[in-house]
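Given next are the chains, with one letter for each unit.
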Amino acid sequence: MKGADAVRLPIAEIRLDGGTQPRTALDFTAIDDYAEAMAAGVQFPPVVVFHDGEHYWLADGFHRLKAAFASGFDAIDCELRQSTLEDAQWYSFSANKTNGLRRTNEDKQRAVKSALLHPRAAEMSNSAIARHVGVDEATVRNWRTRLAASSEIPKIDTRTVSRQGSTYKQRTTRIGRRSRTNASAPDPEPSELAHCSQTQDDLLRAVAVLADCKAAPAGLAHEILARPGREQILAQMEKAHEFLAFCLAEIR
């Protein structure tokens, strides 16, 4: 996807029917307020539009575009991105998570469901989708379970897991299950036993540190965000979270 360009486009050429509106409904009171402000000369941020070579798809700014039209404008300032409708849809799921007109809980639920139904979500973790949409991981996990149960999205048979510096595929159908017999399993080598013992010790120490942590979550989060390597820290925390979730599922 190419970078964005600042342009002014005719409102009539911008399409709104591409599945890029994650809100359940528009707030017409907000549209009236925006329209009044625009008519008085207030400048609003440009709307975000994706151009696929043929059509212009609105990805963010439905209230602003409706208000501009209501104010009598026939064109609107746009942040134009050269990409596909699929990219416009994916971008729209993250719109207004930190700015703009505040989303309702229904808006968030609709955005999560739309994101999970999008082709790009198939290989993404619940945590990654949650960060994109701007919701908690549990919301995404619950919706994935519901959509998979109703066959609206396929159940994931395998997922990519990273542990101890190694990345591999794990069958999700085995999570939480124990083998009835290990008779056919080969005896572990002494070196493997030593490695497992060391891994167990490391894990127990890590869990103990977390259990004894007296820092408030908000304060700890602030400290992490202030560090230069915060992206790497967050990535490692996500891996640790998934690993511990697998452990709990296996135990239960």
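Residues numbered from 1 in each chain as written. Predicted model: local features only at pLDDT ≥ 70, side-chain atom pairs only at ≥ 80, totals over all residues. Heavy atoms only, no water.

Visitor: Quick rundown of the overall build of the protein chain? Include the residues and the values.
Guide: The helix and strand tally for the protein chain stands at nine helices and seven strands. Taking all 252 residues of the protein chain together, the buried fraction comes to 31%. A separation of at least 24 residues holds for 71% of the contacts in the protein chain among residues at least 6 apart in sequence. When the accessible area of the protein chain is evaluated, it comes to approximately 16500 Å², of which 53% is carbon and sulfur surface. (Helix = DSSP H or I, 4+ residues; strand = E, 2+ residues; numbered from the N terminus. Buried < 20%, exposed > 50% of the residue type's maximum accessible area, 1.4 Å probe, protein only. Contact = heavy atoms within 4.5 Å. Areas by Shrake-Rupley, 256 points an atom, 1.4 Å probe, with all protein chains shown as cover.)

Visitor: Which residues make up unusual backbone geometry, and what values go with them?
Guide: One non-glycine residue, N96, adopts positive backbone phi at about 70 degrees. Its location among the elements puts N96 in the loop between α3 (85-92) and α4 (105-117). On the basis of relative accessibility, which here comes to 18%, the residue N96 falls in the buried class. Not every positive phi belongs to a glycine, and S151 is a case in point at roughly 65 degrees. By the element assignment, S151 lies in the loop between α6 (137-149) and β6 (158-163). When its relative accessible area of 64% is taken as the criterion, S151 is described as exposed.

Visitor: Residue-level account of α3, with values.
Guide: Taken as a whole, α3 has its buried residues at D87, A88, Q89, W90 and S92. Summarising the contacts, the buried residues of α3 are in contact with β3 (47-51), β4 (56-60), α4 and α5 (126-133).

Visitor: Quick rundown of the packing of aromatic side chains? Include the residues and the values.
Guide: As enumerated under the stated definition, the model contains three aromatic pairs in all. Where F50 meets Y91, the ring centres are 5.6 Å apart and the plane angle is 55 degrees; that geometry is what we call tilted. Here F50 is found in strand β3, whereas its partner Y91 is found in helix α3, with 41 residues between them in sequence. Assessed through its relative accessible area of 1%, F50 is described here as buried. Ring geometry for W90 against F93: centres 5.9 Å apart, planes inclined by 80 degrees, an arrangement best described as edge-to-face. As far as the burial class goes, W90 and F93 line up, both buried. (Phe/Tyr/Trp six-rings, centres within 6.5 Å; stacked < 30°, edge-to-face > 60°.)

Visitor: Can you explain the pattern of salt bridges? Please cite residues and give values.
Guide: Applying the stated criterion across every chain, the model contains seven salt bridges. With its nearest N and O atoms 3.2 Å apart, the salt bridge here joins D107 to R23. In this pair, D107 is assigned in helix α4 and R23 in the loop between β2 (14-15) and α1 (28-39), connecting sequence segments 84 residues apart. Take D107 and R23: they sit in the same class, and that class is buried. R120 is the partner of D87 in a salt bridge, and the nearest nitrogen-oxygen pair spans 2.2 Å. Of this pair, D87 sits in helix α3 while R120 sits in the loop between α4 and α5; the two residues are 33 residues apart in sequence, bridging distant segments of the chain. D87 gets classed as buried once you look at its relative accessible area, which sits at 16%. (Salt bridge = Lys/Arg side-chain N within 4 Å of Asp/Glu carboxyl O.)

Visitor: Please give an account of the packing of α4 against α6 that cites residues and values.
Guide: The geometry of α4 relative to α6 is characterised by a closest axis approach of 10 Å and an angle of 60 degrees between their N-to-C directions. Relative to α6, the element α4 lies oblique. The two elements α4 and α6 cross, and the hand of that crossing is right-handed. Of α6, the residues touching α4 (which contributes Q109, V112, K113, L116 and L117) are T139, V140, W143, R144 and L147. Looking at side-chain class alone, the contact of α4 with α6 contains six nonpolar, two polar and two charged residues. (Axes fitted to C-alpha atoms, helices over the stretch in contact; angles between N-to-C directions. Parallel < 35°, antiparallel > 145°, perpendicular 65-115°, else oblique. Left-handed = near helix turned anticlockwise from the far one by under 90°. Nonpolar A, V, L, I, M, F, W, Y, C, P; charged D, E, K, R; others polar.)

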